[in-house]
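# Coordinates in review
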Amino acid sequence: MERLSMEQQQEIAPPSAPAGRLPQGARRALTAAVVGTIIEWYDYALYGAAAGLVIGPLFFSDAVPEAAAMAAFATFAVGFIARPLGGVVIGHIGDRHGRKPAMVLTILLMGAATVGIGLLPTAAAIGAAAPLLLVLFRLLQGLGAGAELAGAMTLVAEFAPPKQRGKYTSFVLATPPAGIALATLAFFLASMAGDQALLDWAWRVPFLVSAVLFFVALYIRSSLEETPEYLQALANRGKQEKKVPLGELWRHNRRQVFLGFLSITGHNAVNYVMAVFAITFMTSEAVGMPRPTALLVVTIASLFCIIGSPIAGWAADRYGAGRVLAFGGIVGALFAWPLFEMMATGNPLIAGLGLAIGYVFSVSASSGAQGAFLTNLFPPKQRFSGVALARETNGAIIAGLSPLIAAALIQAADGGTWLAAAYVAACCVCSIVAVVLARGTGNNASAAR
């Protein structure tokens, strides 16, 4: 993009909306971000639900059940390993060529990979090629997901009034739990066909439904406009236009990248232990909860985050994003051991209560506050790349590996939950430390308070 068109120059200063309302372009961006992120997270979470139920026996059938479960979680982690690369590459596109083409690309990658998994033959049909192709599709999913939330947060934050970034980005960050809930509900419905039918064919249906959702999201995102803040940064770029945003980011804002990485460590550990690991843990022989019941418990509990995240976003604008983010970390650290113990009872009501508390007070707080916290760390010309690099590097290390680490720690403790709880608590402490260190950094001087 060498020069701005006359239309783009006019968009830099769009007509003001009536008091209390967003401009039309901002409302369209918020809708595109929310709907697209729900659909993309539905795609991504499908594999998380499948990993706990069908991936092991279908694609690693030669292994004993425990080893098959570990292999399923390992392939789950593969998608997260690809996320930093997707964040860097698509983040570069978003900072150099515009937010819109980057957001459309994420949809294309995620849709193709999800439908591909739904059509994939199992190990019984094509042998060792099945897990290899599964890993390939997970890599494609990871590339798309690596820029999804970073792009959606950046898009909405740049349209929103600076003092309301927490409020509007929290709507975006409330959507991953909605996508996860839809994915878990889809597998709950598929599991109603019975264990054998689930393994034979029913597991494919939730993946293939994604093809319809994909076209809906693609249509919505094709109408996106570039943000005035991005267009202004583009107009001011001048001689620096050919510089690579990632290089500039690393030279001038590496501390912000580190703090952004650290700030969501607790969020990712708590969230993915509850959304992914909990299903396998509660349906294990040691706990004994039926599969449909475990899926329903996780689905209902995750819905609380959809309500809690916007409330936390409002609190972030009022009291400071850093304070709300730290609150989520404190609750996550203190509640880690009770959470595992409540899941270990096998009682749906007790386990559901534990998961609901985790979603309402820990995940909701960190979801609602992180949009304002992360986007305030970086200048507009490097924001997409900065948020994506910080979030997705953490996703590869913490989110992707947390279910595997939790399973390994419980096995190491001979079925005890204290080691896994200590791991989650330590991750939450990292988020608290990041908030303290971020005071006075970027625009977080006021956001952290």
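An account of the accompanying structure is given in this report. Small disclaimer: the values here were computed from a predicted structure and weren't measured.

## What to know about the overall build of the protein chain
In terms of regular secondary structure, the protein chain is built from 22 helices and 0 strands. Total accessible area on the protein chain stands at roughly 17,000 Å², and carbon and sulfur atoms take up 69% of it.

## Regarding a nonpolar patch on the surface
Taken together, I126, L133, L136 and L139 make up a surface patch of nonpolar side chains, about 290 Å² in accessible area. No other element matches the 3 residues that helix α7 (residues 129–159) contributes to the nonpolar patch. By the element assignment, I126 lies in helix α6 (residues 123–126).

## Section: the packing of helix α18 (residues 348–375) against helix α19 (residues 380–399)
A packed helix pair is summarised by two numbers, namely the angle formed by the two axes and the spacing between the axes. It is the contact of α18 with α19, at a shortest axis distance of 10 Å, that shows an interaxial angle of 130°. By the angle between their directions, the pair α18 and α19 is classed as oblique. The handedness of the crossing between α18 and α19 comes out as right-handed. Contact residues: Q370, L374 and T375 in α18; R383, V387 and R391 in α19. Looking at the contact of α18 with α19, its residues break down into 2 nonpolar, 2 polar and 2 charged.

## Structural notes on the pattern of salt bridges
Overall, the coordinates contain 9 salt bridges when judged by the stated rule. Here E225 ties to R28 by a salt bridge, and the two come within 2.7 Å at their closest N and O atoms. Within this pair, whereas E225 is found in the loop between α11 (204–221) and α12 (228–235), its partner R28 is found in helix α2 (residues 24–51), the two being separated by 197 residues in sequence. Judged by relative accessible area, which is 30%, E225 ranks as partly exposed. Between R83 and E392 there is a salt bridge, and its shortest N-O distance comes to 2.5 Å. Placement of the pair is R83 in helix α4 (residues 65–96) and E392 in helix α19, with a sequence separation of 309 residues. Given the relative accessible area of 0%, E392 is considered buried. Each member of the salt-bridge network shares a partner with another, and the members are D95, R99, E158, R165, E229 and R383.

## Digging into the packing of aromatic side chains
For the coordinates displayed, the defined rule picks out 8 aromatic pairs. Pairing W203 with F207 gives two aromatic rings, centres 5.9 Å apart and planes at 75°, and the pair type is edge-to-face. When its relative accessible area of 0% is taken as the criterion, W203 is described as buried. Site record: aromatic cluster; members linked through ring pairs are F59, F187, W203 and F207.

## Digging into the side chain of S362
With respect to the element layout, S362 can be found in helix α18. The buried category is assigned to S362, whose relative accessible area is 5%. Once residues lying within four places of it in the same chain are set aside, the contact partners of S362 are V270, G328, V331, G332 and I357.

## Let's talk about empty space enclosed by the protein
Left-over empty space is what a probe sized like a water molecule reveals as it rolls over the atoms. This structure, assessed with the given rule, holds 5 cavities of 30 Å³ or more. Space inside the largest cavity adds up to approximately 120 Å³. For the largest cavity, the lining is made up of 16 residues, of which L149, P176, H267, N271 and R391 are closest to its centre. Elements that contribute at least two residues to the lining of the largest cavity include exactly α4, α9 (175–191), α15 (265–282), α18 and α19. Here the lining of the largest cavity is composed, by residue class, of 9 nonpolar, 5 polar and 2 charged.

## Re the side chain of S402
Tracing the sequence through the fold places S402 in helix α20 (residues 402–412). Sequence-distant contacts of S402, defined by excluding residues within four places in its chain, comprise A269, V273 and Y423.

## Observations regarding the environment of E226
Tracing the backbone shows E226 in the loop between α11 and α12. Each C-alpha atom of the pair E226 and G98 lies 6.6 Å from the other, and the pair is 128 residues apart in sequence. Among the polar contacts made by the side chain of E226, one reaches the main-chain amide nitrogen of R99 at a distance of 2.9 Å. Here the side chain of E226 touches K100 through a polar contact of 3.2 Å, landing on its backbone nitrogen.

## Some thoughts on α15
Compared with an ideal rise of 1.5 Å per residue, which puts 18 residues at 26 Å, α15 spans 24 Å between its outermost C-alpha atoms and is within 8% of the ideal. The largest bend in α15 amounts to roughly 40° and is located at V276. Counting buried residues in α15 gives 18 out of 18 residues, a clear majority hidden from the surface.

## Considerations on the environment of M192
Inspection of the secondary structure puts M192 in the loop between α9 and α10 (195–202). By relative accessible area, M192 is classed as exposed at 54%. It is 7.0 Å that separates the C-alpha atoms of M192 and P292, two residues lying 100 residues apart in sequence.

## Some remarks on the packing of helix α8 (residues 165–173) against α9
Where α8 meets α9, the closest approach of the two axes is 5 Å, and the angle between their N-to-C directions is 15°. With respect to each other, α8 and α9 are oriented roughly parallel. Residues F171, V172 and L173 of α8 form the contact with α9, whose own contacting residues are T175, P176 and P177. Along the lines of polarity and charge, the residues of the contact of α8 with α9 split into 5 nonpolar, 1 polar and no charged.

## Details of the nonpolar core
Nonpolar side chains in soluble globular proteins tend to end up buried together. Ranked by size, the top nonpolar core spans 128 residues in total, and within it F59, F187, W203, M282, F340 and L355 carry the most contacts. The leading source of residues in this core is α2, at 15 residues.

## Regarding the environment of W203
Here W203 shows up in the loop between α10 and α11. Setting aside chain neighbours within four positions, we find W203 in contact with V54, L58, F59, I117, L120, T122, F187 and L198.

Cut-offs used in this document
- Residues numbered from 1 in each chain as written.
- Predicted model: local features only at pLDDT ≥ 70, side-chain atom pairs only at ≥ 80, totals over all residues.
- Heavy atoms only, no water.
- Helix = DSSP H or I, 4+ residues; strand = E, 2+ residues; numbered from the N terminus.
- Areas by Shrake-Rupley, 256 points an atom, 1.4 Å probe, with all protein chains shown as cover.
- Patch = residues over 30% accessible without salt bridge, like charges linked within 9 Å, V, L, I, M, F, W, Y side chains within 5 Å.
- Salt bridge = Lys/Arg side-chain N within 4 Å of Asp/Glu carboxyl O.
- Axes fitted to C-alpha atoms, helices over the stretch in contact; angles between N-to-C directions.
- Parallel < 35°, antiparallel > 145°, perpendicular 65-115°, else oblique.
- Left-handed = near helix turned anticlockwise from the far one by under 90°.
- Contact = heavy atoms within 4.5 Å.
- Nonpolar A, V, L, I, M, F, W, Y, C, P; charged D, E, K, R; others polar.
- Buried < 20%, exposed > 50% of the residue type's maximum accessible area, 1.4 Å probe, protein only.
- Phe/Tyr/Trp six-rings, centres within 6.5 Å; stacked < 30°, edge-to-face > 60°.
- 1 Å grid on protein atoms, 1.4 Å probe; cavity = no way out; pocket = protein on both sides within 12 Å on 5 of 7 lines; lining within 4 Å.
- Points joined across faces, edges and corners; volume = space filled by probe spheres on them.
- Polar contact = N/O pair within 3.5 Å; in protein donor to acceptor, adjacent residues only side chain to side chain.
- Expected span 1.5 Å × (residues − 1).
- Bend = angle between axes of the 7 residues up to and from the residue.
- Core = buried A, V, L, I, M, F, W, Y, C linked by side-chain atoms within 4.5 Å.

Read these as layout, nothing more, since geometry by itself doesn't imply function.
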